[in-house]
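For reference, the chains in residue letters:
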Amino acid sequence: MDAIRRVTAVLGPTNTGKTHHAIDRMLAHRTGVIGLPLRLLAREVYDRVVARVGPSVVALVTGEERIVPDRTQYWVCTTEAMPLEIGADFVAVDEIQLCADADRGHVFTDRLLRARGLNETLFLGSDTMRGAIAGLVPQVTFLKRDRMSTLRYAGSKKISRMPPRSAIVGFSVENVYAIAELIRRQKGGCAVVMGALSPRTRNAQVALYQNGDVDYLVATDAIGMGLNLDISHVAFSSTAKFDGRRMRGLYPQELAQIAGRAGRHTEDGTFGVTGEARPFDEDVVEGIESHRFAPVKKLHWRNESMDFGSADRLIRSLEAPTFNDWLTRARDADDVLALKALCALPEVQDKLTEPKRVQLLWDVCRIPDFRSSTGPEHTTLLTRIFEFLVGRGLGGGRIPADWLATAIRRIDKTEGDIDTLSRRLAHIRTWTYVTQRKNWVEDESHWREETRAVEDRLSDALHAALTQRFVDRRTSVLLRRLKQKEALVAEVNDKGEVTVEGEFAGKLEGFRFKQDASATPDAAKTLAQAAIQALKPEFHLRADRFYNAPDTELDFTEQGGLMWGTNAVGKLVKGAEPAKPAVEAFVDDEAGPDVAEKVRRRLQHFIDRKVAAQFEPLLAMARDEALTGLARGFAFRLSEAMGVLPRDAVASEVKDLDQDARGALRKHGVRFGQFTVFLPALLKPAPTRLRLVLWSLWNGLQEFPESPPPGLVTIPNVAEVPKQHYTLAGYHPAGSRAIRIDMLERLADILRQKDSRAGFEATPDMLSITGMTLDQFADLMAGLGYKGEKAERLKVKAEAAKVPEISAEAAAAIAAGQPIPEEVSILSPTPEPAPEAVAPEMEAFYTFTWAPKPRQRPERGPRPERKEGEAARAPRVERPQGEGPKHDRPKHDRPKGDRPQGGPKGDRRDHAKGGKPQRDDRHKSYEARPPRVEKPIDPDNPFAALLALKGKV
């Protein structure tokens, strides 16, 4: 070979600038072709060449992409797609050591043997190819290039301790996804690069890494083929991979190819292992660091001279052996396996009638199985395409447009998860490859644009899905800003949402910042610091708004919480008195003591005003200086109980109150009921709710009883709930239900008018007051001390009033306008109804009698013996409180609804007029008021004479 057609092998490890040198040499010629091992790398080199000479003279040709301008001078291609017949001045093949690859080696070997430029040819690769190239390419010149930076072994590191700008390598999709998810949780996110990604998705993911949005890259061995990234450390998560047929360990030169991506230009790099990968042996480490490996002895080869005379002859030509010591026949690749499968089909054999059809079948079999489908799926697709192309069916020698459109339409969907989008991308790559073949479809440019548009949409969707799953944008933004030593910008919107650099950091709830729990541990502290800086002025502004807010915006919960709208801003705590609770404000320490004190004062003002408004009758009674003696003491007891006292608990105090004291208390709204002494105004829902909270605080309960829903006359009587809780809630337990106190007193007023000894029935008024059925009312009465006996009787139906009808003669006279004769009866006789056999209807009723349960008396000693002749006296039976009549005031001083406790009217022990028992004068009664001063008799009084006789008769 003369000097004009020189061939040069540029050999050396990674990061030696071989690809950059090849681009410079190509652009030094008028035309050139460069073949690259991956379409991702081809796209990268294409972009670099376009940046230097413009897109109008640069072509990009891969299996799925074809950009060929009219004035093309430079061709950037995948190795399989290199045009060898155009006669370019310059030809280069990158990663020539792939001649030893079992799957694609025969393609690179063919380019090594046949691809030549008119003026210059470059083979770029590892120094292990020196002997093979020298043995196969005559008069080749070798150019050795040394690595521009140092590569050293860093041992094993956990992913959690992986340094920034690291790439973690996995050899399966599942492994890559698992590592990426772990990095997202611990480091904020990562970019994902795999060979199966489209160039658009891959470039978008690489941009995340190169721009510093993420500091970590998880990739397959695709990064080993010339992708130029700013990687400082490469970690292997595994040292074995599936090569398409079996799992095998990576060869040292393969490890070196990937590890060499660490360190760019003059920056040193490191490599190591992580996860479950075993550390490298010393000889492997030494080989990678010094770039010395065993030379390649055999190159995979396949006969390039194919015989298309028949299918059998084509297969035999592909299986032809080689006799060159440097070459070995390649194993059957996917295209050969597909050819053998299709040739075995009778419907395909019948169409192989000429060499052109055999060559067409071979072109169809070379469609890559991007989907990695198993079974006959790929074979079926190839068979259908071949049938279209040979002219059968609607194709007419072309793939039908409607069939192709239907297939593409099924793929053109951007929803779904990562795996779904990846499968659709693999499918569209098949149709992209098909549309790139010449004369396979009508309107080639339209279908190429259509498939490219679908691939772009799916690529964007896949990039978004990968980013959403494996990148915590908030953490990545924070880390980038911190690395650049920039001040973080934080904001708070009207909803209290806090953003840092536009990323959601948490929410301000009242005066406490609640950080977003999804933040990674590394970013949580930074998030909190940045958010607090933004919240400092917000705390003061919010405290001012809160202090000036009306009481209608504040409320308390039934468990003692204090709310401002929907935000908890504090809680009630026990104070000096039951009706004077203290408050505890919920304010972050970062807000400062001034804000905390302002919030506390506003909450204290709110609860003080709330107590004053709801308990106004009670507080007014406590302030009344006119109340003295026992009345004042009783008012104090009622204030302690917050307006509701069971009568049996204060029976003696009530009995000691004279009528003047009671009257003074009644002026403040106190009602002395048969069962309860209470202030009716404090039984309303709002005071009741507040009473339960304050009482629970004062008594130190952990869980406060809740007030019943407003408007209910009765509620269930739960055995586990203390009776005092019902009393505080304004209810009195009786039977299986508890009845509202004021309604119970109304019922008691009606019951006093009944003869409980002889028995009485429930009236509609009783049932209406309680809102109960008859059976429920009977249960209530049993709880009040009444015995109900159920019976049945005939139900009396009210007969409808009969309207008399006018007789026919009278009606005729009235119609004729004539007077009715005297002998004519005005009313027609009432017909006697025919007797009907009607079954008697029965109704149930209860008869109630006073039957209180006797109170358990304490045990007493033996009764002393009665002396002879001493009259026997019946023992005095102590009545339980509320079970018998009480007479603690004159008969005529009993206002309605203010009866003392006792049984109904019909249950009084004596039979004196009016039911008043005879007083035993031997027992002196005492009153709280001073003795009356006797007034002198007025002589002008007409009853003066009678009054003068008072006490003398």
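Higher on the page you've got the structure.
Notes on the structure follow. Quantities reported herein were computed from a predicted structural model and do not represent experimental measurements.

1. A look at the sheet that holds strand 28 (residues 671-672)
Here we have three strands laid out as an open sheet, ordered 27-29-28, and antiparallel in their pairing. Strands with a single pairing partner mark the edges of an open sheet, and in this sheet they are strand 27 (644-646) and strand 28. Of the strand pairs in this sheet, strand 28 and strand 29 (residues 676-678) are connected by two bridges, and their pairing is antiparallel. Paired with Phe 672 across the bridge in strand 29 is Val 677. On top of the sheet, helix 26 (residues 741-751) reaches strand 27, strand 28 and strand 29; it is set at about 125° to strand 29, its chief contact.

2. Quick look at the pairing of strand 26 (residues 580-585)
Examined bridge by bridge, strand 25 (residues 567-577) and strand 26 share five bridges and lie antiparallel to one another. Across the sheet, residue Glu 577 finds its bridge partner in strand 26, namely Lys 580. Connecting the antiparallel pair strand 25 and strand 26 is a turn made up of two residues.

3. Structural notes on the pattern of salt bridges
In the structure shown here, the tally under the stated rule is 50 salt bridges. For Asp 456, the salt bridge goes to Arg 200, with nearest N and O atoms at 3.8 Å. Placement of the pair is Asp 456 in helix 16 (residues 444-470) and Arg 200 in helix 6 (residues 199-210), with a sequence separation of 256 residues. When the shortest N-O distance is used, the salt bridge between Arg 671 and Asp 749 registers 3.4 Å. On the criterion of sequence distance, the pair formed by Arg 671 in strand 28 and Asp 749 in helix 26 is long-range, its members being 78 residues apart. Both residues of the pair, Arg 671 and Asp 749, belong to the buried class. One network of salt bridges, with partners in common, ties together Arg 43, Asp 47, Glu 65, Arg 200, Arg 452, Asp 456 and Asp 460.

4. Some details on the nonpolar core
Nonpolar side chains tend to gather and get buried jointly when the protein is soluble and globular. Counting residues in hydrophobic clusters, the biggest one holds 66 residues, and the most contacted among them are Leu 339, Leu 361, Ile 385 and Trp 431. Discounting residues that sit within four places of it in the chain, Leu 339 has contacts with Leu 314, Ile 315, Leu 318, Leu 361, Trp 362 and Cys 365. Of all hydrophobic cores here, the second largest spans 60 residues; its members include Phe 539, Phe 546, Ala 549 and Leu 694.

5. Re the environment of Ala 530
Within the secondary structure, Ala 530 sits in helix 18 (residues 521-547). Spatially, the C-alpha atoms of Ala 530 and Val 498 are 9.9 Å apart, while their sequence positions differ by 32 residues.

6. Topic: helix 8 (residues 282-290)
Every buried residue of helix 8 is accounted for by Val 284, Val 285, Gly 287 and Ile 288. All buried residues of helix 8 fall inside an arc of 165° around its axis, so they share one side. Within helix 8, the exposed residues directed more than 90 degrees away from the buried face are Glu 282 and Asp 283. Residues of helix 8 that are buried make contact with strand 9 (151-156), helix 7 (252-259) and strand 16 (269-273). At the exit of helix 8 stands His 291, carrying a positive phi of roughly 60°.

Rules behind the numbers
Residues numbered from 1 in each chain as written. Predicted model: local features only at pLDDT ≥ 70, side-chain atom pairs only at ≥ 80, totals over all residues. Heavy atoms only, no water. Pairing = 2+ DSSP bridges. Helix = DSSP H or I, 4+ residues; strand = E, 2+ residues; numbered from the N terminus. Contact = heavy atoms within 4.5 Å. Axes fitted to C-alpha atoms, helices over the stretch in contact; angles between N-to-C directions. Salt bridge = Lys/Arg side-chain N within 4 Å of Asp/Glu carboxyl O. Buried < 20%, exposed > 50% of the residue type's maximum accessible area, 1.4 Å probe, protein only. Core = buried A, V, L, I, M, F, W, Y, C linked by side-chain atoms within 4.5 Å. Arc of directions from axis to C-beta.

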